[in-house]
Each structure stands twice: as structure tokens, then as C-alpha cells.
Amino acid sequence: MRIRFTKMQGAGNDFVVLDETRAPLALTPAQYRWLADRHFGIGADQILSVRPSPAPGIDFAYAIHNADGGEVEHCGNGARCFVRFVRERGLTDKATVKVQTVNQVLELRMLPDGRVTVDMGAPVFDLPAVPFDAAGLRPEPVGAWQAWPLTLPGAGDRAAVRVAVLSMGNPHAVAEVEDVDTASVATLGPLIEGHARFPRRVNAGFMQVLSRGAIRLRVWERGAGETLACGTGACAAVVAGIRLGRLDRRVDVHTRGGVLTIEWAGEGQPVLMTGPATTVFEGEIDVPE
Ligand SMILES: N[C@H](CCC[C@H](N)C(=O)O)C(=O)O
């Protein structure tokens, strides 16, 4: 099947974007994996699909597949690329668009300087909704909130980590570390991602607090491995840092691929994320059946 695609990136988190507004492509998980493959396909962390509006007042539907072919609920860096894509392809002339993911409506706003602000919705702390199975586990009090001790089979002397757990529509576990450059992301990331207490796996964030207004962050993403940036991960880390009493309400998140600015006014309020969105190239490709 020959398809047109656009390669995009937001703070180094990279995507293949597909326009399915005129006709669905109905790709299989194996075809998503092939598109994301950096040797045999195009190469990307996620595949983003732009689909027709599902309801009045919503401009588009927004589907996300990880490099492992699995469909997921949210992609923050992808949302910024989404609005740049639909405007550049003439699918809308609006500067602010509303999109429906599998479980929430996001508002994406293109700024005059070319960056994008996304209303990422309110974080969710209800553990079964993350989902996180806390049965038999005692949380450790941290500031005015709590963190959960996880034992990691196979991690040797790093057998235990302490994570804050929350959902940005997708699941996140955030650990505070002294220095992201020396954090064992490649070892601990997959062990946290696949931990049995996360029945739908989890994105694992490693946060180094620089000040009350700045952090460094690395994320081992569910279904994609370590990415240069993770938008929902940046939101989850800032929300966790605020609730743990370590951060103020507006934080610059320094990722390996660029800086994201996250704002959260507290319980029940939406998280706002601002950052870059870039079109890298367009092309056509024959996807194996
Ligand atoms: N790996 C994530 C999806 C992509 C999130 C990330 N790329 C972002 O910018 O939010 C998950 O499985 O929930």
C-alpha cells in the first residue's frame, strides 16, 4: 500500500504523521511497527493519525501508536506537531483547534512565534485510573503527597526505586534523581515500564530538580524506549514535583531534545505545555501488506 507521510519532531521526539481525514488507512500493528522502524522503515517514536472530526465542536480526531505498534491515549509533543500539520496541509485555518483522543479532548494553540501551547487536561491521581495496583504496598510520605516504593527484579543493587504515580491520560511513574546524566535509565526504565503493578505498563520519568522553576528530565517511554523528550512525561514530572512540594507552578523542563514550559495551577486544573513543533520532510512509501 503506497502512502503519503510527513516526518515531524517536537523537542526531538519524532513522528510519522498520516492524513486520514479523507480515508482511513486501517494499518495493522505490524505496519505501524514497520513505519517506526529506524532501519527498515521511516523511523519514529510514534505514528500520529489525523482523522475526521468525531463530533460537533471538535475539529479532528487524534490517534497515536507507539513504535511497538500499540495504540495509546496521548502524546503531548505529537499534539504540538498535530496543529502545525493540519494548518500546513490546509486542513484548517484556525490557530486553535480541538482534537479528540481515545479518552480526552485537547486544545492546541499555535503561537505567533511558531511554538504551540497545548491544554493537556487535568492530571488524574486516582490509582486504579492510572492504572496502578497498590495492593499491599505502603506509600512513603513526601512533602504533602506520597511516593510508592517499587522493588525491581533483576536490577541488582538498584533493586528499589520510589516513584510518584499519576495519569496524564496515559500512565506515568516519576522518580527523582540526583543527576539525569548518571541515572540508570536504560536499566531501570524497562523494569519500571513492565512492572507488574502497572497492568497497562507505564512511562518512566527520571527528574533532576535544578530549582523551583527548572528541572532536567529523561523519560523511558512505554512502547518506545528512551526518547529525546516526552510531553506528557514533562507534564507528569512537573505535576509530581509541585505536589511533592519541590516546584512552583511554572517550570522549564530541560530535555535532551529541547525545553518545554509546563504550567499547572493545582488540583483539578489543566496542565498547559508550550514548546516547539517542526516539519522535517514529506514523502511517499510502500508499506508492506
Ligand atoms: N509512550 C507514550 C505515548 C507517547 C507520549 C510522548 N511521546 C509524549 O510526547 O507525550 C505512552 O505509551 O503513553
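Note that the structure is predicted; figures quoted are calculated from it, not measured.

Scoring rules and cut-offs
Residues numbered from 1 in each chain as written. Predicted model: local features only at pLDDT ≥ 70, side-chain atom pairs only at ≥ 80, totals over all residues. Heavy atoms only, no water. Helix = DSSP H or I, 4+ residues; strand = E, 2+ residues; numbered from the N terminus. Buried < 20%, exposed > 50% of the residue type's maximum accessible area, 1.4 Å probe, protein only. Contact = heavy atoms within 4.5 Å. Near = heavy atom within 4 Å. Polar contact = N/O pair within 3.5 Å; in protein donor to acceptor, adjacent residues only side chain to side chain. UniProt positions renumbered as here; feature names shortened; annotations may be inferred. Phe/Tyr/Trp six-rings, centres within 6.5 Å; stacked < 30°, edge-to-face > 60°. Lys NZ or Arg CZ within 6 Å of the ring centre and 35° of its normal. Salt bridge = Lys/Arg side-chain N within 4 Å of Asp/Glu carboxyl O. Domains from an automatic or database assignment. Buried area = accessible area lost by both parts, 1.4 Å probe. Nonpolar A, V, L, I, M, F, W, Y, C, P; charged D, E, K, R; others polar.

Quick word on the environment of Val83
Part 1 of the argument: Note that Val83 resides in helix 2 (residues 76-88).
Part 2 of the argument: Its relative accessible area of 0% is what places Val83 among the buried residues.
Part 3 of the argument: Here the alpha-carbon distance between Val83 and Phe60, two residues 23 residues apart in the chain, equals 10.0 Å.
Part 4 of the argument: Dropping the residues within four chain positions of it, Val83 is found in contact with Ala95, Val97, Leu108, Met110 and Val116.

With respect to the site of the ligand
Part 1 of the argument: In the vicinity of the ligand lie 15 residues, with Asn13, Glu221, Arg222, Gly231 and Thr232 positioned nearest.
Part 2 of the argument: One of the side-chain nitrogen or oxygen atoms of Asn66 is found 2.8 Å away from an oxygen atom of the ligand.
Part 3 of the argument: Residue Arg222 places a side-chain N or O atom 2.8 Å away from an oxygen atom belonging to the ligand.
Part 4 of the argument: Listed by contribution, the elements that provide at least two residues to the shell around the ligand are helix 2 and helix 4 (231-243).

A word on the UniProt feature "active site" (unreviewed entry) in the chain
Part 1 of the argument: When the UniProt feature table is mapped to this numbering, "active site" (unreviewed entry) covers Cys75 and Cys230. A compact arrangement is adopted by the annotated residues: their sequence extent is 156 residues, whereas the largest C-alpha distance between any two is 7.9 Å.
Part 2 of the argument: Once you skip the residues sitting within four places of it in the chain, Cys75 turns out to touch Asn13, Phe15, Gln46, Leu48, Tyr62 and Ile64.
Part 3 of the argument: Mapped onto the fold, Cys230 is located in the loop between strand 15 (225-227) and helix 4.
Part 4 of the argument: A residue is classified by how much of its surface remains accessible, and Cys230, at 4% relative accessible area, is buried.
Part 5 of the argument: Once residues lying within four places of it in the same chain are set aside, the contact partners of Cys230 are Asn13, Asn77, His172, Val219, Glu221 and Leu260.

So, the packing of aromatic side chains
Part 1 of the argument: Under the defined criterion, the tally for this structure stands at 7 aromatic pairs.
Part 2 of the argument: Here the aromatic rings of Phe60 and Phe82 are separated by 5.8 Å at their centres, their planes lie at 65°, and the arrangement is edge-to-face. Of this pair, Phe60 sits in strand 4 (residues 60-66) while Phe82 sits in helix 2, and the two are 22 residues apart along the sequence.
Part 3 of the argument: Centre to centre, the rings of Phe125 and Trp264 are 6.2 Å apart; their planes meet at 55°, and the pair counts as tilted. Of this pair, Phe125 sits in the loop between strand 8 (116-119) and strand 9 (140-142) while Trp264 sits in strand 17 (residues 258-264), and the two are 139 residues apart along the sequence. You'll find Phe125 and Trp264 in the same group, each marked buried.
Part 4 of the argument: Counting every residue linked through ring pairs, the aromatic cluster contains Phe60, Tyr62 and Phe82.
Part 5 of the argument: The ring of Phe125 carries the charged tip of Arg243 above its face, separated from the ring centre by 4.1 Å.

Things to note about the pattern of salt bridges
Part 1 of the argument: Tallying each qualifying case throughout the model produces 26 salt bridges.
Part 2 of the argument: Across the pair Arg38 and Asp45 runs a salt bridge whose closest N-O atoms are separated by 3.0 Å.
Part 3 of the argument: Assessed through its relative accessible area of 48%, Arg38 is described here as partly exposed.
Part 4 of the argument: With a shortest N-O distance of 2.7 Å, Glu226 and Arg218 are connected by a salt bridge.
Part 5 of the argument: Take Glu226: its relative accessible area is 28%, and that puts it in the partly exposed class.
Part 6 of the argument: Overlapping salt bridges bring together Asp179, Asp181, Arg216, Arg218, Glu226 and Arg256 as one network.

Remarks on the domain arrangement of the chain
Accessible area lost upon the coming together of the parts is a frequently used measure of interface size.
Part 1 of the argument: Structurally, the chain comprises domain 1 (2-118 + 276-282) and domain 2 (127-274).
Part 2 of the argument: Distance from the C-alpha centre of domain 1 to the C-alpha centre of domain 2: 24 Å.
Part 3 of the argument: Taken together, the contact between domain 1 and domain 2 spans 23 residues of the former and 25 residues of the latter.
Part 4 of the argument: For the pairing of domain 1 and domain 2, the buried interface totals around 1,600 Å² over both sides, and the portion due to carbon and sulfur atoms is 46%.
Part 5 of the argument: It is Ala11, Glu73 and Val118 in domain 1 that bury the most area against domain 2; as a group they hold 27% of the surface buried on that side.
Part 6 of the argument: For the interface between domain 1 and domain 2, the tally reads 3 salt bridges.
Part 7 of the argument: Its salt-bridge partner being Asp68, residue Arg201 comes within 2.9 Å of it at the nearest N-O pair.
Part 8 of the argument: Where domain 1 packs against domain 2, one counts 12 residue pairs in polar contact (both at pLDDT 80 or more).
Part 9 of the argument: Breaking the side of domain 1 that touches domain 2 down by element, the ones donating at least two residues are helix 2 and strand 8.
Part 10 of the argument: Considered class by class, the residues forming the side of domain 1 that touches domain 2 number 7 nonpolar, 11 polar and 5 charged.

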